[in-house]
There are 2 protein chains.
Amino acid sequence: MTLVNTVCRLAARPIGLPKPSDWEVADEPVGGPADGEFLVRVEYLSFDPAMRTWMNAGRSYVAPVQIGEVMRAGGIGRVIDSRHPDFAAGDEVYGTFGVQRYAHSDGSGVTRVDTTLAPAPVHLGALGISVITAYFGLLDVGRAQPGQTVVVSGAAGSVGSIVGQIARIVGCRAIGIAGGEQKCRRLVEELGFDAAIDYQAGDLRRQLKMHAPNGIDVFFDNVGGEVLEAGLSRLARGARVVICGAISQYNAAGELHGPANYMQLLVARASMTGFVVFDYADRYGEAVGQLANWLASGELRAREQVVAGDVGDFPEALLALFRGENTGKLVLALR
Amino acid sequence: MTLVNTVCRLAARPIGLPKPSDWEVADEPVGGPADGEFLVRVEYLSFDPAMRTWMNAGRSYVAPVQIGEVMRAGGIGRVIDSRHPDFAAGDEVYGTFGVQRYAHSDGSGVTRVDTTLAPAPVHLGALGISVITAYFGLLDVGRAQPGQTVVVSGAAGSVGSIVGQIARIVGCRAIGIAGGEQKCRRLVEELGFDAAIDYQAGDLRRQLKMHAPNGIDVFFDNVGGEVLEAGLSRLARGARVVICGAISQYNAAGELHGPANYMQLLVARASMTGFVVFDYADRYGEAVGQLANWLASGELRAREQVVAGDVGDFPEALLALFRGENTGKLVLALR
């Protein structure tokens with residue numbers, strides 16, 4: 001039996017939003033696993049805003065995807081053939097398998113997924129890395145304390161929607177910034193945010209002043225650009241700005257836009273700290289245990305938005321992420 | 001006896017570098033002290049880069065100087081008449097007396113100066129607030145540890161020249177960034193910096209890479225703009241960026257320039273923290289004690305640059321500060 005693999009490779013480094021010509025989607029034969037390897041049929045692909053940064057040359061927290069290389073992506077799939085002692089055909093596994101139908105793996109970074117506990121997309125969503133990111137970013141980097149005001153940008157996304165909910169659980173006031181009235185309504189009505197601000201409606205700074213009259217103690221930023229500047233303009237004394245992402249900047253073709261008012265850090269005696277969740281790998285268990293309790297009690301809600309498609313639909317779905325069209329964790333279910 | 005006071009008032013909010021028309025210098029009669037007040041003949045005025053920020057409207061760490069108000073400045077002078085129980089004619093005192101020849105004071109924020117210990121300009125320089133700023137900024141905010149690499153911008157200035165020396169004293173590698181070959185040579189030859197980089201010579205990033213091959217652990221920034229960006233581009237993992245000032249930005253007429261590569265904070269898992277030395281007021285004694293020891297042992301050197309002039313020379317001398325012409329603490333000795 002010869003399997004045909006559909007792969008999505010990076011064909012060129014995008015300038016601005018990725019264009020169709022930045023990708024190459026091709027069918028290729030795929031061989032069986034070598035000794036010490038196994039073969040996975042990928043079923044679900046995870047979308048992550050940071051994917052855009054992986055497509056650029058230059059220094060980041062992980063190596064860039066090389067031109068001609070299969071696009072990097074986390075995913076869940078089933079082992080269909082194995083010559084690896086720890087994995088057997090039939091196992092459901094999570095790993096960085098890339099944007100392709102079949103992947104070889106030597107087991108590095110691969111974990112088994114218990115789909116009797118929750119469906120596979122939930123393992124990419126509610127039990128996935130985005131939620132763990134929210135947990136450590138807010139509580140460890142941001143040091144949110146009861147009674148404080150937490151503002152999170154990209155609040156309808158996979159990380160932001162959790163940040164606001166955890167803020168509420170630990171006794172903070174939670175304010176979300178998101179794009180569009182519908183997303184904002186969901187944050188307040190479904191997820192229990194104290195307030196949500198639609199940045200598309202304009203006048204973000206005035207809205208922040210209204211909803212955070214005593215200033216912002218923790219600003220959890222996924223967006224960058226003008227949204228970050230608005231946050232900096234309203235910091236409380238001793239505030240912590242958590243830099244988790246900058247989705248507004250990832251597709252910028254020209255010069256990147258740094259926060260022009262960063263000297264507000266001095267005015268407010270505040271700090272701005274970047275973090276990468278991988279550094280907390282040895283504490284994931286602590287986070288997952290706590291998060292699972294909150295999910296079980298209904299205090300915490302995570303939503304996955306699953307779209308069905310082929311490997312060739314990946315580029316278009318990624319654009320939807322950058323256009324801010326998703327609510328919650330975006331997952332591609334491979335047909 | 002009627003005294004004539006020469007005062008320098010803010011006449012307009014400057015756009016860019018202050019122009020002569022932004023100031024009003026006038027002679028005015030000055031009366032004797034009211035009950036509970038004393039009258040000071042100001043002898044020395046301290047220059048501070050932050051003065052430029054006080055001239056702007058809007059939120060900062062102190063209230064702006066109002067239009068028509070005497071320009072704010074720290075200074076040292078002699079009490080010439082007193083109806084205050086704690087101060088007597090003949091006392092030499094430090095306070096925020098403003099840019100004027102005579103000042104009334106109710107004693108708020110005024111301290112006695114012992115000119116038998118050191119000449120008055122030294123109290124504004126080596127024993128003054130700039131040196132204390134360097135101490136807490138480097139050791140408390142920057143948490144510099146032995147063996148680490150410290151880079152300071154504005155290294156020839158009153159704060160920066162001390163930062164590098166304290167870095168050396170506590171066992172760090174000290175690299176200064178300054179403008180001009182002469183200043184750079186002094187940093188290395190006189191003040192013991194391990195290296196100095198002339199930002200006017202261009203290629204700042206390559207120079208930083210050469211002198212800080214393992215990255216920067218503490219970047220102490222007095223300058224902002226492209227210098228800050230160069231620092232961010234070379235951060236070591238877990239670096240601390242200390243935001244003390246942004247002299248390159250204070251006179252910017254258009255939009256301020258934020259650090260476009262601030263996401264390096266995420267790449268390096270680094271923090272950027274603003275601070276104001278006034279918050280350490282209850283620990284000044286600790287700093288002065290330690291600094292006095294280092295000064296006495298010769299490990300630490302501070303230099304004052306004293307220019308003589310009248311109150312009316314203040315505006316031009318301030319421009320010299322912004323043009324980076326001073327080495328060490330700039331002081332105006334009133335003739």
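Just so it is clear, the model here is predicted, and its values are computed rather than measured. (Residues numbered from 1 in each chain as written. Chains lettered and ligands numbered in written order. Predicted model: local features only at pLDDT ≥ 70, side-chain atom pairs only at ≥ 80, totals over all residues. Heavy atoms only, no water.)

### Some words on the relation of the copies chain B and chain A
When chain B is fitted to chain A, the residual RMSD is 0.0 Å, and the transformation amounts to a turn of 180° plus an axial shift of 0.0 Å. Both copies of the chain, as the preceding transformation shows, are related through a two-fold rotation axis. No C-alpha of chain B lies nearer the rotation axis than that of Gly258(B), which sits 2.2 Å from it. Mapped onto chain A, 100% of the interface residues of chain B are again interface residues, and the two copies thus contact each other with one and the same surface. (Least-squares fit on C-alpha atoms with pLDDT ≥ 70 in both. Contact = heavy atoms within 4.5 Å.)

### Considering the state of the cysteines
Disulfides are covalent bonds that connect the sulfur atoms of two cysteines. The tally for this structure, following the rule as stated, stands at zero disulfides over all chains. Cysteine Cys244(B) remains unbridged, with the sulfur of Cys172(B) as its closest cysteine sulfur at 17 Å. (Disulfide = S-S within 2.5 Å.)

### Remarks on the pairing of strand 9 (residues 173-178) of chain B
Residues and elements named next belong to chain B. Among the six residues that make up strand 9, five are buried, leaving the element largely enclosed by the rest of the structure. Pairing of strand 8 (residues 149-153) with strand 9 involves five bridges; the strand directions are parallel. Residue pairing in the sheet places valine 151 in a bridge with isoleucine 175 of strand 9. Regarding topology, helix 4 (residues 160-169) serves as the crossover connection from strand 8 to the parallel strand 9, and that connection is right-handed. Bridge analysis of strand 9 against strand 10 (residues 195-198) gives four bridges, and the strand direction is parallel. (Buried < 20%, exposed > 50% of the residue type's maximum accessible area, 1.4 Å probe, protein only. Helix = DSSP H or I, 4+ residues; strand = E, 2+ residues; numbered from the N terminus. Pairing = 2+ DSSP bridges. Right-handed = clockwise from strand over helix to strand, strands pointing away.)

### A few points about the confidence of the model for chain A
In the predicted model, chain A carries a mean pLDDT of 93, and 99% of its residues have values of at least 70. Predicted complex metrics record ipTM = 0.81 and pTM = 0.84. (pLDDT = per-residue confidence, 0-100.)

### Here we look at the pattern of salt bridges
Applying the stated rule across the entire model yields 38 salt bridges over all chains. Here the residues in one salt-bridge network are Glu43(A), Arg78(A) and Glu92(A), joined through shared partners. (Salt bridge = Lys/Arg side-chain N within 4 Å of Asp/Glu carboxyl O.)

### With respect to the packing of helix 6 (residues 204-211) of chain A against helix 7 (residues 225-232) of chain A
Residue and element names in this part refer to chain A. Running from N to C, helix 6 and helix 7 point in directions that differ by 40°, and their axes come no closer than 9 Å. At the point where helix 6 passes helix 7, the crossing takes the right-handed sense. Along its contact with helix 6, which presents Leu204, Arg205 and Leu208, the element helix 7 presents Val227, Glu229, Ala230 and Gly231. Here the residues of the contact of helix 6 with helix 7 are counted per class, giving four nonpolar, one polar and two charged. (Axes fitted to C-alpha atoms, helices over the stretch in contact; angles between N-to-C directions. Left-handed = near helix turned anticlockwise from the far one by under 90°. Nonpolar A, V, L, I, M, F, W, Y, C, P; charged D, E, K, R; others polar.)

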